[in-house]
Amino acid sequence: HRDLHSFPTRRSSDLNPTTATRAWLQARLLLAEGQPREALELCLSLWHLMDDDSVMPADRLRLCEFTAELAAQCDEHRTAYVWLRRAHGLKEQLLG
């Protein structure tokens, strides 16, 4: 009986992709369909997630880096710079 409880268990939240991950996947699909501007708009609409502590830092970092990449592709250089700075801050936070 005790051995059964020694295994790590998964919460239901571990099995469901986060909002940031779902958005990142949706944006990648839009990009693959040749819609970089729509993908960028989707990522930009999720700015509020960057300060949400319930979103995993790695998910925030992935979304930041992808948004910066999209912004550069769409010639939105100022937007790309802002997201790259945000990604840099997240990397520092992750590395501690």
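To keep things clear, this report deals only with the structure shown in the data block. Everything quoted here is computed from the prediction, not taken from an experiment. (Residues numbered from 1 in each chain as written. Predicted model: local features only at pLDDT ≥ 70, side-chain atom pairs only at ≥ 80, totals over all residues. Heavy atoms only, no water.)

1. Brief notes about the nonpolar core
Part 1: Counting residues in hydrophobic clusters, the biggest one holds 24 residues, and the most contacted among them are C43, L49, M50, L63, C64, F66 and L70.
Part 2: Looking at this core, the elements that each hand over two or more residues are helix 2 (19–32), helix 3 (36–44), helix 4 (57–73) and helix 5 (77–95).
Part 3: Per-element tally for this core: the top contributor is helix 4, with seven residues.
Part 4: Here M50 is in contact with R60, L63, C64, W83 and R86, once residues within four sequence places are set aside. (Core = buried A, V, L, I, M, F, W, Y, C linked by side-chain atoms within 4.5 Å. Buried < 20%, exposed > 50% of the residue type's maximum accessible area, 1.4 Å probe, protein only. Helix = DSSP H or I, 4+ residues; strand = E, 2+ residues; numbered from the N terminus. Contact = heavy atoms within 4.5 Å.)

2. Regarding unusual backbone geometry
Part 1: You will see that D75, though not glycine, has its phi angle at about 60°, which is positive.
Part 2: Tracing the chain through its elements places D75 in the loop between helix 4 and helix 5.

3. Here's the deal with the environment of L25
Part 1: You can see L25 is positioned in helix 2.
Part 2: Exposure remark for L25: the relative accessible area of 43% places this residue in the partly exposed category.
Part 3: L25 sits 14 residues away from A39 along the chain, and the two C-alpha atoms are 9.8 Å apart.

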